[in-house]
Amino acid sequence: MNLTIKPFGRIDSKVLEYLREELHDMGEVSLSASQAVPDSFIQRNRDGQVQYLATEFEKAMAPEKGDRVLAVTDVDLFERGLNFVFGHATIRDRFAVISIARFGNDGPEKLLERSAKTAIHELGHTLGLYHDDANLECVMHFSEKLEDTDRKTRAFCTRCNAVAAFTLSRLGT
Ligand SMILES: [Zn+2]
Ligand SMILES: [Zn+2]
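The structure contained in this document is the topic of the report that follows.

## Side note on the packing of aromatic side chains
Piece 1. For the structure on display, the rule yields five aromatic pairs.
Piece 2. Geometrically, the ring pair formed by F41 and F57 is edge-to-face, given 4.9 Å between the ring centres and 80° between the ring planes. Of the two residues, F41 sits in the loop between strand 2 (28-31) and strand 3 (43-46) while F57 sits in helix 2 (residues 54-60), which places them 16 residues apart along the sequence. Each member of the pair, F41 together with F57, is buried.
Piece 3. Aromatic side chains F86 and F103 sit 5.5 Å apart centroid to centroid with 35° between the ring planes, which places their arrangement in the tilted category. Taken together, the positions of F86 in the loop between strand 6 (76-78) and strand 7 (87-89) and F103 in the loop between strand 8 (95-99) and helix 3 (108-126) put the pair 17 residues apart, joining distant regions of the chain. Across the pair, F103 and F86 agree in class, each one buried.
Piece 4. An aromatic cluster is built from F8, F41 and F57, whose rings are joined through pairwise contacts.
Piece 5. Positioned over the ring face of F8 is K6, at 5.8 Å from the centre of the ring.
Piece 6. Cation over ring: R102 sits above F84, and NZ or CZ is 3.7 Å from the ring centre.

And the structure:
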């Protein structure tokens with residue numbers, strides 16, 4: 001498949017290059033021009049921190065080419081009913097978004113690792129996968145907090161991989 005990475009905000013090129021390499025297993029990865037997070041996006045203030053509604057990014061990516069498009073942003077994200085989310089995607093769309101806002105406090109290595117795991121997780125949803133509640137190490141296990149992300153691997157378990165591989169084969173990888 002063709003995967004486009006779309007930066008929103010100021011994202012270190014090291015993060016983007018790392019994601020590009022890590023996501024190469026899924027297909028051809030290209031980088032779209034970065035843009036500022038639009039003021040028109042729905043926002044809220046939570047404990048003095050501005051958060052953006054995750055689905056706004058998915059809508060904004062409609063013009064982007066690619067079988068799948070991954071937004072990477074430095075602003076904090078939320079979904080209705082949740083305090084925050086590390087990322088978001090829906091199973092029926094080709095769009096996913098991740099935020100690196102909460103990943104950087106434990107050094108650059110952790111930032112890269114968490115970004116990659118979250119990107120693979122959200123793209124997994126767009127490949128037809130739901131959360132894997134049974135497997136703590138599977139990348140499709142839900143991350144409620146950073147410890148969840150740090151504990152799981154960046155790989156699909158055998159069962160999840162079968163679903164992802166089926167979708168990828170249809171997309172011509
Ligand atoms: Zn998820
Ligand atoms: Zn799994």
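## A few points about the coordination of the zinc ion (ligand 2)
Piece 1. Donor atoms from the polypeptide that bind the zinc ion (ligand 2) are D132 (OD), C138 (SG), C157 (SG) and C160 (SG), placed at 1.9 to 2.3 Å.
Piece 2. Because the angles between the four donor atoms bound to the zinc ion (ligand 2) fall within 99 to 114°, the donor set is best described as tetrahedral.
Piece 3. Donor residues binding the zinc ion (ligand 2) come from one chain and are separated in sequence as D-x5-C-x18-C-x2-C. Of the two residues, C138 is situated in the loop between helix 3 and helix 4 (146-151) and C160 in helix 5 (residues 158-170); the sequence distance between them amounts to 22 residues. C160 matches C138 in its accessibility class, with the two residues each being buried.

## Some words on the environment of A134
Piece 1. With respect to the element layout, A134 can be found in the loop between helix 3 and helix 4.
Piece 2. The sequence separation of A134 and G87 amounts to 47 residues, and the corresponding C-alpha distance is 21 Å.

## Brief notes about the coordination of the zinc ion (ligand 1)
Piece 1. Within the protein, the atoms that donate to the zinc ion (ligand 1) are H121 (NE2), H125 (NE2) and H131 (NE2), at distances of 2.0 to 2.1 Å.
Piece 2. Within one chain, the residues donating to the zinc ion (ligand 1) are spaced in sequence as H-x3-H-x5-H. Taken together, the positions of H121 in helix 3 and H131 in the loop between helix 3 and helix 4 put the pair ten residues apart, joining distant regions of the chain.

## Some words on the sheet that holds strand 8
Piece 1. Pairing is mixed in the open sheet, where five strands are placed in the order 2-1-5-8-7. Strand pairing shows two members of the sheet lacking a second neighbour, strand 2 and strand 7, which therefore form its edges. Taking the axes of each pair of neighbouring strands and ignoring which way they run, one obtains an average angle of 20° across the sheet.
Piece 2. As paired elements, strand 1 (residues 2-8) and strand 2 share four bridges and run parallel to each other. Within strand 2, the residue paired with T4 across the bridge is S30.

## Considering helix 5
Piece 1. Counted at 1.5 Å a residue, the expected span for helix 5 with its 13 residues is 18 Å, and the 19 Å between its end C-alpha atoms agrees.
Piece 2. Check the buried side of helix 5 and you find it contacts strand 5 (68-73).
Piece 3. Just downstream of helix 5 lies G172, where phi reads positive at about 80°.

## Thoughts on the environment of T118
Piece 1. Turning to its location among the elements, T118 is positioned in helix 3.
Piece 2. Take T118: its relative accessible area is 6%, and that puts it in the buried class.
Piece 3. Separated by 99 residues in sequence, T118 and L19 have C-alpha atoms that sit 10 Å apart.
Piece 4. Discounting chain neighbours no more than four positions away, the residues touching T118 are F86, G87, I98, F103 and T149.

Rules used throughout
Residues numbered from 1 in each chain as written. Chains lettered and ligands numbered in written order. Predicted model: local features only at pLDDT ≥ 70, side-chain atom pairs only at ≥ 80, totals over all residues. Heavy atoms only, no water. Phe/Tyr/Trp six-rings, centres within 6.5 Å; stacked < 30°, edge-to-face > 60°. Helix = DSSP H or I, 4+ residues; strand = E, 2+ residues; numbered from the N terminus. Buried < 20%, exposed > 50% of the residue type's maximum accessible area, 1.4 Å probe, protein only. Lys NZ or Arg CZ within 6 Å of the ring centre and 35° of its normal. Donors = N, O, S within 2.8 Å, 3.2 Å for Na, K, Ca; no water. Tetrahedral: all angles 85-135°; square planar, octahedral: opposite > 155°, others 65-115°. Pairing = 2+ DSSP bridges. Axes fitted to C-alpha atoms, helices over the stretch in contact; angles between N-to-C directions. Expected span 1.5 Å × (residues − 1). Contact = heavy atoms within 4.5 Å.

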